[in-house]
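Structure at a glance
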Amino acid sequence: LNVINKDKKVIKKYEYGKDFKECTYGASSSGKAAGNAEFFDSLYSSSQIKSNSPIIITKKAPFGENKDSYDFDLSLKNAGVKALIYSWQESNFRFRSPYKNQEFKDDGIIKIITSNSICEEIKKYINEGNILEVSSPVQVKSTAAKNVIAKIEGKNPSLPPLVLSAHFDHVGFDADGIIYPGAFDNASGTGFLLECARILKDESPERTIIFAAFNGEEEGLIGSKYFVENPPVSLKDAECINFDMVGSKSDIPLTVLSDKGSESFTSDVSKLLRSNSIENETLYEANSDHASFCENHINAVTFIHNDPMKIHTPEDNIDNISEEQIEKTYNALSTYLSSRNIGNTPVAARITYETSNNNTLISIIIIVLASSSVIYIYRKKIKKTV
Ligand SMILES: [Zn+2]
């Protein structure tokens, strides 16, 4: 996003990720636009547009960052608009919205989200006779993705299975190539699931246990939806415990998150945990993979530390993960498993940690030890020489 003067010189360059980002919702297209811009304090209808400027800038648009803007975007396009710059949520332009509900159109408009103060600043620039140049890096590609599923065969095939699951996809990287690590959302849940599989692998449970790592959650729960509609074993009367964001460093209790249809199961799980002194809250929202199960009348909850502060940003890294909170989540799961006669000893007593931070710490210690012994040897030599 640049401001260009009459001599075609760039007089102001706005920084992607710091000053603005692309909006991927509605009729959002990739591309470039340059030319005059018309400014609005509030734009609610394409009939307000009087100029034939290809770029529209507004401090207030009828839609923030959601799919409902689709028809509005197309009405702007029909009025000759090539790019819309608008103000929405100034806080963090590195925040990636989930890709679900994204409706990419080759023939839409460029959509840029920025802050109120930058809208005001650009207004000044255009009033001084400058023009704008704007581009959007939005790209949509179709690809095949896979879930990763494992199971421990139960001794009693007439019992319904237990599904333990977590999504292992995330939002990838942005147009600057900055990686969004997704440590909390949802490497935490994926690691948790792998650890469950490691702990339970030697059990010979009555019921079948399925370990499901789902893909495409951020694109709209696609992997879990496919799994529920094409299950490897019958899911009749099955129960699912999903893990999405476990181990927040914030001092918050576990949330037992579910959706319509699983209310009594959710309340049973919540009460069970509470009666074992495990503090928890319940919440009903269709925003993680439990929803695919609930929609198909299968009891499901997500164990989640509901702390959205750093998710979908480059700051979602391992520094924000609390081992203590993960342990509490294991206690909750272990309590549930015991109630289903799975697991003989408390799971929490058997977990191990191996994080990249620890490895770094160990390497640092080794380096420090190595260099201090070198210094020590060196000193000895000096001593000898002296
Ligand atoms: Zn997630």
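The model shown is predicted, which means the values in this text are computed figures rather than measured ones. Per-chain numbering applies: the sequence of each chain, read as written, is numbered from 1 onward. Owing to the predicted nature of the model, reporting of local features is limited to residues with pLDDT of at least 70; listing and counting of side-chain atom pairs is limited to 80 or more, with chain, interface and lining totals taken over all residues. Hydrogens and water are ignored here; the side-chain numbers use all heavy atoms of the structure.

Below, the discussion takes up the overall build of the chain. Only DSSP runs of H or I reaching four residues or more are called helices, and only runs of E reaching two or more are called strands; each is numbered from the N terminus. Along the backbone of the chain there are 8 helices and 16 strands. In this description, accessible areas are obtained by the Shrake-Rupley approach with a 1.4 Å probe, and a residue is regarded as covered only by the protein chains that are shown. Total accessible area on the chain stands at roughly 19900 Å², and carbon and sulfur atoms take up 52% of it.

So, on to the sheet that holds strand E2 (residues 10-13). Only strands that DSSP links by at least two bridges are regarded as paired with each other. Sheet architecture is open: 4 strands sit in the order E2-E1-E9-E4, paired in antiparallel fashion. At either margin of the open sheet sits one strand with a lone partner, and together these are E2 and strand E4 (31-35). For this sheet, the mean inter-axis angle between neighbouring strands, taken without regard to orientation, is 15°. Pairing analysis gives 3 bridges linking strand E1 (residues 2-4) to E2, with the strands arranged antiparallel. Within E2, the position partnered with Val3 by the bridge is Lys12. Throughout, a contact is declared for two residues whenever any of their heavy atoms are within 4.5 Å. A fitted line through C-alpha atoms represents every axis, and for helices the fit uses only the stretch in contact; the resulting angles, taken between N-to-C directions, go from 0 to 180 degrees. Lying on the sheet, helix H2 (residues 116-127) is in contact with E1, E2 and strand E9 (131-136); it crosses E2 at an angle near 170°.

Any helix carries an expected span of 1.5 Å times its number of residues minus one. Look at helix H5 (residues 263-275): 18 Å from first C-alpha to last across 13 residues, which is about the 18 Å you get at 1.5 Å a residue. Elements that come into contact with the buried residues of H5 comprise strand E13 (239-243), strand E14 (254-258), strand E15 (280-284), strand E16 (299-304) and helix H7 (323-339). Downstream of H5 by one or two residues, Ser277 has phi in the positive range, about 60°.

What follows covers the coordination of the zinc ion. Each metal's donors comprise the N, O and S atoms found within 2.8 Å of it (within 3.2 Å for Na, K or Ca). Water is not part of the atom list, so some coordination spheres may appear incomplete. Coordination of the zinc ion by the protein comes from His167 (NE2), Asp185 (OD), Asp244 (OD) and Asp244 (OD), over a distance range of 2.0 to 2.7 Å. Coordination at the zinc ion is irregular: its 4 donor atoms span angles of 51 to 147° at the metal. Positions of the donor residues of the zinc ion, expressed as sequence spacing, correspond to H-x17-D-x58-D. A residue pair is termed long-range when its members are at least 10 positions apart, and His167 in strand E11 (residues 162-167) and Asp244 in the loop between E13 and E14 qualify at 77 residues. Residues His167 and Asp244 agree in their burial class; the two are buried. For a four-donor site, all angles between 85 and 135 degrees give tetrahedral; for four or six donors, opposite pairs above 155 degrees with the remaining angles between 65 and 115 give square planar or octahedral; all remaining cases count as irregular. Three labels apply to residues, based on accessible area from a 1.4 Å probe with only protein chains included: buried if under 20% of the type maximum, exposed if over 50%, partly exposed otherwise in between.

Before going further, it helps to examine helix H1 (residues 70-78). Burial in H1 covers these residues: Tyr70, Phe72, Asp73 and Leu76. An end-on view of H1 places all buried positions within 165° of arc, on one side of the element. Residues of H1 that are exposed and angled more than 90 degrees away from the buried face: Asp71 and Asn78. Buried residues along H1 sit against strand E7 (83-87) and strand E8 (110-114). Here the arc refers to the set of directions running from the helix axis out to each C-beta atom.

Attention now goes to empty space enclosed by the protein. Cavity and pocket criteria rest on a 1 Å grid covering protein atoms alone: a 1.4 Å probe that fits but cannot get out defines a cavity, protein on both sides within 12 Å along at least 5 of 7 lines defines an open pocket, and an atom within 4 Å of a point defines a lining residue. Grid points are joined across faces, edges and corners, and a volume is the space filled by probe spheres set on the points. Per the stated rule, a full pass over the model turns up 2 cavities of 30 Å³ or more. Taken as a whole, the second largest cavity spans an internal volume of roughly 30 Å³. Lining the second largest cavity we find Ala61, Pro62, Phe63, Gly64, Ser69, Phe72, Asp73, Leu84, Tyr86 and Lys111. Secondary-structure elements contributing two or more residues to the lining of the second largest cavity are H1 and E7. Residue classes in the lining of the second largest cavity are distributed as 6 nonpolar, 2 polar and 2 charged. Three categories are distinguished: nonpolar for Ala, Val, Leu, Ile, Met, Phe, Trp, Tyr, Cys and Pro, charged for Asp, Glu, Lys and Arg, and polar for the others, with Gly belonging to the last.

This brings us to the nonpolar core. Grouped together as the largest cluster of nonpolar side chains are 37 residues, with contacts concentrated most on Leu164, Ile241, Phe243, Phe303 and Leu333. Of all the secondary-structure elements, those providing two or more residues to this core are E11, helix H3 (183-200), strand E12 (209-214), E13, E14, H5, E16 and H7. A per-element tally of this core places H3 first, with 7 residues. In contact with Phe243, not counting residues within four places along its chain, are Leu164, Ser165, Ala166, His167, Asn186, Gly189, Phe192, Phe303 and Leu333. Residues Tyr16, Ala37, Ile55 and Ala83 belong to the second largest nonpolar core, which totals 21 residues. Each nonpolar core is a collection of buried residues, namely Ala, Val, Leu, Ile, Met, Phe, Trp, Tyr and Cys, held together in the definition by side-chain atoms within 4.5 Å.

Our focus in this paragraph is the environment of Val256. Counting through the fold element by element, Val256 comes out in strand E14. Here Val256 falls in the buried class, since its relative accessible area comes to 0%. For the pair formed by Val256 and Thr266, sequence separation is 10 residues and the distance between their alpha carbons is 6.9 Å.

What follows concerns the pattern of salt bridges. Salt bridge, as used here, is a side-chain nitrogen of Lys or Arg placed within 4 Å of a carboxyl oxygen of Asp or Glu. For the structure on display, the rule yields 13 salt bridges. Ionic pairing is found between Lys59 and Glu120, a salt bridge with its closest N-O pair at 2.5 Å. Pair noted here: Lys59 is in the loop between strand E6 (55-58) and H1 and Glu120 is in helix H2, with a separation of 61 residues, a long-range link. By relative accessible area, Glu120 is classed as partly exposed at 32%. Note that Arg94 and Asp176 form a salt bridge whose closest N and O atoms lie 2.9 Å from each other. In this pair, Arg94 sits in the loop between E7 and E8 while Asp176 sits in the loop between E11 and H3, placing the two residues 82 residues apart along the sequence.

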